[in-house]
Amino acid sequence: MEVQFTLNGKKVSTEIAADTVLLNLLRDLGCKSVKCGCETTNCGLCTVWIDGKSRLSCSVLAASIDGHEVTTLEGVEKEAAEFGSFLAQEGAEQCGFCSPPGFIMNVLAMFRELKNPSIEEIKEYLAGNLCRCTGYMGQLRAIQKYMEVRNTAVNITVKKMGGGEE
Ligand code: FES
Ligand code: FES
């Protein structure tokens, strides 16, 4: 069967078997950032965005994305690299297996959805992203520092546009 969708901003049309899983299709199409850690919806490693929302690509049939928009880490490379540098500064990149795409895609999705999440909201949002290397404190610190820098940048922009206090 044929499936047509938008992948990282480009139209794609390809033949697939009816039981093709999205994770495998994306890798076949060259998006090697998408990784498989469990195939049972437990690790979060295969996270991509479908129409802007985080989804586990190991649990999505490729046939169901016909007409939809899929984004992988390759589609948000600049933003991902920026956040990745905060992970590295906190020593939280470690083996790097869980970060791209799972953890990073979900963090970026969180910031699109929640402007200024609390610690509890961050923990809840990322509860499905497992890391085998260690605890999650370094990752949490990286998110908080990234948030600080983003908020400062937003405030500066608002002030430049005349929206801030004198
Ligand atoms: S491979 Fe999809 S959740 Fe683990
Ligand atoms: S950094 Fe190694 S599994 Fe998460």
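Note that the structure is predicted; figures quoted are calculated from it, not measured. (Residues numbered from 1 in each chain as written. Chains lettered and ligands numbered in written order. Predicted model: local features only at pLDDT ≥ 70, side-chain atom pairs only at ≥ 80, totals over all residues. Heavy atoms only, no water.)

### Observations concerning the environment of Gly-30
Which entries qualify depends on this criterion: For the purposes of this entry, the term helix denotes a DSSP run of H or I that reaches at least four residues, the term strand denotes a run of E that reaches at least two, and both are numbered from the N terminus.
With respect to the helices and strands, Gly-30 occurs in the loop between helix H1 (22-28) and strand E3 (47-50). For the pair formed by Gly-30 and Lys-11, sequence separation is 19 residues and the distance between their alpha carbons is 14 Å.

### Focus: the domain arrangement of the chain
Let me state the cut-off plainly: Per the annotation, domain bounds derive from an automatic or database assignment of domains. Contact criterion: two residues are considered in contact whenever any of their non-hydrogen atoms come within 4.5 Å of each other. Buried area: the sum, over both parts, of the accessible surface (1.4 Å probe) that disappears when the two are put together. Within this document, salt bridges are pairs made up of a side-chain nitrogen of Lys or Arg and a carboxyl oxygen of Asp or Glu, the two lying within 4 Å of each other. The definition of a polar contact used here is a pair of N or O atoms within 3.5 Å, where within protein one atom must be able to donate a hydrogen and the other to accept one, and adjacent residues in sequence count solely through side-chain atom pairs. Ten residues, namely Ala, Val, Leu, Ile, Met, Phe, Trp, Tyr, Cys and Pro, are considered nonpolar, four, namely Asp, Glu, Lys and Arg, are considered charged, and the remaining ones, Gly among them, are considered polar.
What the domain assignment lists for the chain is domain 1 (2-74) and domain 2 (76-158). Look at where the C-alpha atoms of domain 1 and domain 2 centre, and you get two points 22 Å apart. Domain 1 puts 15 residues into the contact, and the matching count from domain 2 is 18 residues. Counting the surface lost from both domain 1 and domain 2, the interface buries some 1,400 Å², and carbon and sulfur atoms represent 62% of this. In terms of surface lost to domain 2, no three residues of domain 1 exceed Leu-45, Trp-49 and Leu-73, which account for 44% of the buried area on that side. Between domain 1 and domain 2 we count zero salt bridges in total. Taken together, the links from domain 1 to domain 2 amount to 10 residue pairs in polar contact (both at pLDDT 80 or more). Grouping the amino acids of the side of domain 1 that touches domain 2 by side-chain chemistry returns six nonpolar, seven polar and two charged.

### Focus on the pattern of salt bridges
The test is simple: Relative accessibility under 20% of the residue-type maximum defines a buried residue, over 50% an exposed one, and the middle range a partly exposed one, all with a 1.4 Å probe and only protein chains included.
One pass over the full model with this rule turns up three salt bridges. The partner of Glu-90 in a salt bridge is Lys-145, with the nearest N and O atoms 3.0 Å apart. Placement of the pair is Glu-90 in the loop between helix H2 (77-89) and helix H3 (99-113) and Lys-145 in helix H5 (residues 137-160), with a sequence separation of 55 residues. Under the relative-accessibility criterion, Lys-145 is labelled partly exposed at 39%. Among the charged side chains, a network of salt bridges with common partners joins Glu-90, Arg-141 and Lys-145.

### Observations concerning the pairing of E3
Short version of the rule: Pairing between two strands is assigned when DSSP locates at least 2 bridges connecting them.
By the alternation rule, side chains of E3 split into Thr-47 and Trp-49 and Val-48 and Ile-50, which are all buried. Counted along the chain from E3 to the antiparallel partner strand E4 (residues 53-56), the turn is two residues long, and its residue Asp-51 has a positive phi close to 50°.

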